[in-house]
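Per-entry structural report
Each chain, letter by letter, is given below.
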Number of protein chains: 2
Amino acid sequence: MFAYHASSANVYGMSGLREQKKAATRTALSWAAVRLTVERGFSAVKVEDIAAAVGVSPRTYNNYFSSKAEAIAFRHLERSLRLAAEVRDGPPDEPLWEAITRASLRQLEPGPEVEHMPPQQPDEWPAGRQAMWAEPALQAELLRANKIAEKELAAAIADRTGRDPEFDLYSRLVAASVMAANNVALELSVEAGQTEPMESLLPRALRMVATGLPTP
Amino acid sequence: MFAYHASSANVYGMSGLREQKKAATRTALSWAAVRLTVERGFSAVKVEDIAAAVGVSPRTYNNYFSSKAEAIAFRHLERSLRLAAEVRDGPPDEPLWEAITRASLRQLEPGPEVEHMPPQQPDEWPAGRQAMWAEPALQAELLRANKIAEKELAAAIADRTGRDPEFDLYSRLVAASVMAANNVALELSVEAGQTEPMESLLPRALRMVATGLPTP
DNA sequence: CTCGGAACTTGCGTGGTACGCATGTTTGCG
DNA sequence: CGCAAACATGCGTACCACGCAAGTTCCGAG
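Residues numbered from 1 in each chain as written. Chains lettered and ligands numbered in written order. Predicted model: local features only at pLDDT ≥ 70, side-chain atom pairs only at ≥ 80, totals over all residues. Heavy atoms only, no water.

1. Here's the deal with the overall build of chain A
Broken down by element type, chain A carries 10 helices and 0 strands. Order of helices (α) and strands (β) in chain A, N terminus to C terminus: α-α-α-α-α-α-α-α-α-α. Evaluated residue by residue, chain A yields a buried proportion of 46% over its 216 residues. Counted over contacts in chain A with a minimum sequence separation of 6, partners at least 24 positions apart contribute 64%. Of the roughly 10,600 Å² that chain A leaves accessible, carbon and sulfur atoms contribute 55%. (Helix = DSSP H or I, 4+ residues; strand = E, 2+ residues; numbered from the N terminus. Buried < 20%, exposed > 50% of the residue type's maximum accessible area, 1.4 Å probe, protein only. Contact = heavy atoms within 4.5 Å. Areas by Shrake-Rupley, 256 points an atom, 1.4 Å probe, with all protein chains shown as cover.)

2. Comments concerning the protein's contact with DNA strand D
Close to DNA strand D lie 20 residues, the nearest being Arg18 and Arg59 of chain A together with Thr60, Asn63 and Tyr64 of chain B. Considering DNA strand D, the proportion of its atoms within 4 Å of the protein that are sugar or phosphate atoms stands at 60%. Ser66 of chain A places a main-chain nitrogen or oxygen 3.3 Å from a sugar or linking oxygen of DNA strand D. Contact distances for DNA strand D include 2.7 Å between a phosphate oxygen and a side-chain N or O atom of Tyr64 of chain B. (Near = heavy atom within 4 Å. Polar contact = N/O pair within 3.5 Å; in protein donor to acceptor, adjacent residues only side chain to side chain.)

3. Considering the interface of chain B and chain A
Opposite the 39 residues of chain B that make contact, chain A presents 39 residues. Carbon and sulfur atoms supply 68% of the area that chain B and chain A bury against each other, a total of about 3,800 Å² over both sides. If you look at where chain B meets chain A, you find 4 salt bridges. Of the charged contacts in the structure, one is a salt bridge between Glu191 of chain A and Arg172 of chain B, with a shortest N-O distance of 3.0 Å. Here chain B is connected to chain A by 10 residue pairs in polar contact (both at pLDDT 80 or more). For the side of chain B that touches chain A, the per-class residue count stands at 25 nonpolar, 5 polar and 9 charged. (Buried area = accessible area lost by both parts, 1.4 Å probe. Salt bridge = Lys/Arg side-chain N within 4 Å of Asp/Glu carboxyl O. Nonpolar A, V, L, I, M, F, W, Y, C, P; charged D, E, K, R; others polar.)

4. Concerning the relation of the copies chain B and chain A
Rotating chain B by 180 degrees and translating it 0.0 Å along the rotation axis places it on chain A, where the RMSD comes to 0.1 Å. The relationship between the two copies is best expressed as a two-fold rotation axis. When C-alpha distances to the rotation axis are compared across chain B, the minimum falls at Gly212 of chain B, with a value of 1.7 Å. Take the interface residues of chain B: 100% of them recur as interface residues in chain A, which is what a same-surface contact looks like. (Least-squares fit on C-alpha atoms with pLDDT ≥ 70 in both.)

5. Observations regarding the packing of aromatic side chains
Under the criterion given, the structure shown has 6 aromatic pairs over all chains. For the pair Tyr61 of chain B and Phe65 of chain B, a centre-to-centre distance of 6.2 Å together with 50 degrees between the ring planes defines the contact as tilted. Take Tyr61 of chain B: its relative accessible area is 0%, and that puts it in the buried class. Phe65 of chain B gets classed as buried once you look at its relative accessible area, which sits at 1%. Taken together, the ring pairs in this structure connect Tyr61, Phe65 and Phe74 of chain A into an aromatic cluster. (Phe/Tyr/Trp six-rings, centres within 6.5 Å; stacked < 30°, edge-to-face > 60°.)

6. Things to note about helix α6 (residues 96-108) of chain B
Count 3.6 residues to each turn of an α-helix, and residues three or four apart come out pointing the same way. All names here are of chain B. Its 13 residues place the ends of α6 19 Å apart at the C-alpha level, agreeing with the 18 Å of an ideal helix rising 1.5 Å per residue. Among the residues of α6, those classed as buried are Leu96, Trp97, Ala99, Ile100, Ala103, Ser104 and Gln107. Burial along α6 is one-sided: seen end-on, the buried residues are contained in an arc of 155 degrees. (Expected span 1.5 Å × (residues − 1). Arc of directions from axis to C-beta.)

7. A closer look at the environment of Ser57 of chain B
Residues and elements named next belong to chain B. Looking at where Ser57 falls in the secondary structure, it is placed in the loop between α3 (47-54) and α4 (58-64). The exposure class of Ser57 is partly exposed, given its relative accessible area of 34%. In this structure the C-alpha to C-alpha distance between Ser57 and Val47, which are 10 residues apart in sequence, comes to 9.7 Å.

8. So, the nonpolar core
Core analysis: the biggest nonpolar cluster contains 112 residues, and Trp97, Ile100 and Leu153 of chain A together with Trp97, Ile100 and Leu153 of chain B have the highest contact counts within it. Not counting residues within four places of it along the chain, the set of residues in contact with Ile100 of chain A comprises Val87, Ile157, Val174, Val178 and Leu206 of chain A. (Core = buried A, V, L, I, M, F, W, Y, C linked by side-chain atoms within 4.5 Å.)

So this is what it looks like as structure tokens:
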């Protein structure tokens, strides 16, 4: 919880050398956690391994993340928070749903950390990735990351439309529905047998929730 | 994970005396976990306490639930699964969104287990309840329960509308949006300062996601 | 430049959790 | 009635989260 808040602060303002180092360590830990989990499986990865892979003590690991799942979900959280930030910082005259669609599509682009991409067996990556998502403890933490981002998104939407972010039903419903559309599109595209690319599936889903879901 | 699946089986078919006892024990454990957590706070409750309150060994507790959070979230899961079941088992000629609204409102009614209601200090209950929901580990597990129910709901909707529950975008979007509306309405009503009762807030939210969310 | 305090890292110790395994007990069914 | 499967339990193990105190690094004021 603390780690989450501290991190979101780092995403925006990291002035000193100290904070840059902290952000780098947190990112490295999260990335190592993901990589090792995909390679070996969740329960086969010890906290000690993750810490060792980054070169810090296990105790330090727990200063950044309060659980194994949180470390893995951190990258997902950052991506989701970028969506909210994109909506907030986009051109103010842009129609709301255009901003949302643009921001959602932006999430698909790989972040700036993929340069460290070290999958030694890229062909084994998808299977491990799928196994990772199937882990209950992971699912729970990823959903929590989504909800944190949803709260930010609701605030951004309330800002844009000049509403009280605290008590407004519309902002919250839009935020929740947008996250839902994103998740549904992602799940569908991950599952085998789906041919439609995210670039068209995601806007389609967003248009559906925006215009309504009458019984067909 | 196993506990969740076994339980959903019990909700529907529990024929033998054996299965009834199992269901009773699981419900008792879950209820004890909730009660103790509300009274004392999450981290102040040991697994040992929950097991002792029900009269089983700590080891048996872990045969039913694989974590403290899972036990607490179990009641929430059951309620959410009832929503999906209501939609599935409602009159087939009922319009989809009417069925959804009816099923959602049905969730608000207290389940059949409230007869065991033992809050000794009912005035302290709301505060403890709110503290419980604020616990990160709990949030994560509750969200996972929601997602499990969402999957069931999507299947029920696909059934009703004669679609393939596996690859259909519409069913999943409706299910996800309905859960989102339920959650948003619940959150708003729980937070202080909200005067509108759930009985009108929830249908309003559902109508909004059903008919669309254009920029106001 | 340098020095003092704040922030960060680390090792140690503690309490708690999850679960495999083996054993005794209960239940359902032929 | 009696057996096989399911279940409860105790024990032991590995792991994890975190408080505390000591050492180390960084930043900025003087």
